[in-house]
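# Reading the structure
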Amino acid sequence: MTGGVRARPRHAAVVLAWLLAVTLAFAGTGGGDDGGDSTPSDPTPSDPAPTASEYRIGLTKGSFADAYYDVYKCATISPGTYTDLRGMASTSSGSYKSSYLAHNVRLYANGSLVARSPDVERRVSGASETNYITSLAPVSVSHKASCPQAVVTDVLARGWHKGVSIHGHSHSLYTSDYFYG
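Residues numbered from 1 in each chain as written. Predicted model: local features only at pLDDT ≥ 70, side-chain atom pairs only at ≥ 80, totals over all residues. Heavy atoms only, no water.

## Concerning the sheet that holds strand 1 (residues 64-69)
Strands sit in the order 1-2-6 across an open sheet of three strands; the sheet is antiparallel. The open sheet has two free edges, formed respectively by strand 1 and strand 6 (139-146), since each of these has just one partner strand. Within the sheet, the average angular offset between the axes of one strand and its neighbour, ignoring direction, is 15°. Note: strand 2 (residues 82-90) against strand 6, eight bridges, orientation antiparallel. Counterpart to Gly-87 in the pairing with strand 6 is Val-141. (Pairing = 2+ DSSP bridges. Helix = DSSP H or I, 4+ residues; strand = E, 2+ residues; numbered from the N terminus. Axes fitted to C-alpha atoms, helices over the stretch in contact; angles between N-to-C directions.)

## What to know about the nonpolar core
Leu-85, Val-105, Leu-107, Ala-150 and Val-155 are the most contacted members of the largest nonpolar core, which has 17 residues in total. Where this core is concerned, the elements lending two or more residues are strand 1, strand 2, strand 3 (98-109), strand 6, helix 3 (147-150) and strand 7 (154-165). Ignoring sequence-local partners within four residues, the contact set of Val-105 consists of Gly-87, Met-88, Ala-89, Ala-115, Arg-116, Ser-117, Val-139, Ser-140, Val-141, Ala-157, Arg-158 and Gly-159. Core analysis: the next-biggest nonpolar cluster, separate from the first, contains seven residues, Tyr-55, Leu-59, Leu-101 and Leu-136 among them. (Core = buried A, V, L, I, M, F, W, Y, C linked by side-chain atoms within 4.5 Å. Buried < 20%, exposed > 50% of the residue type's maximum accessible area, 1.4 Å probe, protein only. Contact = heavy atoms within 4.5 Å.)

In structure tokens, the structure reads:
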């Protein structure tokens, strides 16, 4: 009986070794997976198209104007000391994909137009889920003013912004910002 008992562990060890060898051989060939450790090739789902209202809100929240002057230059308010009145506009459609964006800025001093930027626009040819824009570089203008005049000047920047989503939604708006001297 002891001979039979010893044969079983030896037989089980041989079977276990054979299963281990087959498993390792199968694992070494990649187990039939021709991609190995690569990620699946399924395309990622496209983003759902925003509604016209969602695009309008994204463009409105992402676009702004800014008006100011360099106050530090007027630390000494005296004739012959000048500063720059400045107006700036920035346009962004946030996370919404655009095929076209445009903007400009106008600078007013005490209600009078003193500077205007040219229209800046960017258009994407063949816009799609992978070929789009979401923002434009800011545009700015300035106007030189004497420091005695600047401290009593109301500065207004008025930005114009326009966007067209890759889905055809279009929206334009004006933004403004005041800096009271």
